[in-house]
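# Close look at the chain arrangement
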Amino acid sequence: RYVIDGLSEKSSVVTEPWERLLEMVGVVGSLCDWQGEKGSRSYSELLQRVSELCRYMLAADAEGFARCCGQIVTCCTLVLFHSAFHYVSAVQPSLFQ
């Protein structure tokens, strides 16, 4: 098990990290004027949103297309990290204790 200096201190512990991450994505989405960003979504809702954005991209203008691409990449990255975390937690739970 690897420990990064400073991250094991109580002051650096983030309670509810996935929920906090989704809140930050909501803030970024509102600042980037993402299409239809609600702020706080579950991970299944993020996947549904990616599907909607892919359909929307076909009819979008250049600016809308660029905004959709950024939102799709961000949403897919979050879902990937979240899924990887849960997979590794199930396979080797000692890593996150």
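Cut-offs used in this document
Residues numbered from 1 in each chain as written. Predicted model: local features only at pLDDT ≥ 70, side-chain atom pairs only at ≥ 80, totals over all residues. Heavy atoms only, no water. Helix = DSSP H or I, 4+ residues; strand = E, 2+ residues; numbered from the N terminus. Buried < 20%, exposed > 50% of the residue type's maximum accessible area, 1.4 Å probe, protein only. Contact = heavy atoms within 4.5 Å. Core = buried A, V, L, I, M, F, W, Y, C linked by side-chain atoms within 4.5 Å. Expected span 1.5 Å × (residues − 1). Arc of directions from axis to C-beta. Axes fitted to C-alpha atoms, helices over the stretch in contact; angles between N-to-C directions. Parallel < 35°, antiparallel > 145°, perpendicular 65-115°, else oblique.

## A word on the overall build of the protein
A count of helices and strands for the protein gives three helices and zero strands. The linear arrangement of helices and strands in the protein, starting from the amino end, is α-α-α. Counting across all 97 residues of the protein, residues that qualify as buried make up 24%. Here the analysis covers contacts within the protein between residues at least 6 apart in sequence; of these, 47% occur between residues at least 24 apart.

## Quick notes on the nonpolar core
Counting 13 residues, the largest nonpolar core has Tyr-43, Leu-46, Ile-72 and Leu-78 as the members making the most contacts within it. Taken together, the elements giving at least two residues each to this core come down to helix 1 (17-31), helix 2 (43-57) and helix 3 (62-91). Beyond its immediate sequence surroundings of up to four residues, Leu-78 is in contact with Leu-21, Val-25, Tyr-43 and Leu-46.

## Observations concerning helix 2
Compared with an ideal rise of 1.5 Å per residue, which puts 15 residues at 21 Å, helix 2 spans 21 Å between its outermost C-alpha atoms and is within 8% of the ideal. Every buried residue belonging to helix 2 is among Tyr-43, Leu-46, Arg-49, Val-50, Leu-53 and Met-57, and all of these are buried. All buried residues of helix 2 project into a common sector of 105 degrees when viewed along the axis, lining one side. More than 90 degrees from the buried face of helix 2, the exposed residues found are Ser-44 and Arg-55. In the core, the buried residues of helix 2 are packed alongside helix 1 and helix 3.

## Here we look at the environment of Val-73
Here Val-73 shows up in helix 3. Owing to a relative accessible area of 53%, Val-73 belongs among the exposed residues under this scheme. Expressed as a C-alpha distance, the spacing of Val-73 and Val-50, which sit 23 residues apart in the sequence, is 8.9 Å.

## Brief notes about the packing of helix 1 against helix 3
Relative to each other, helix 1 and helix 3 sit at 180 degrees, their axes nearing to 12 Å. By the criterion of interaxial angle, the relationship of helix 1 to helix 3 is roughly antiparallel. Note on element contacts: helix 3 touches helix 1 through Leu-78, Phe-81, His-82 and Phe-85, opposite Trp-18, Leu-21 and Val-25.

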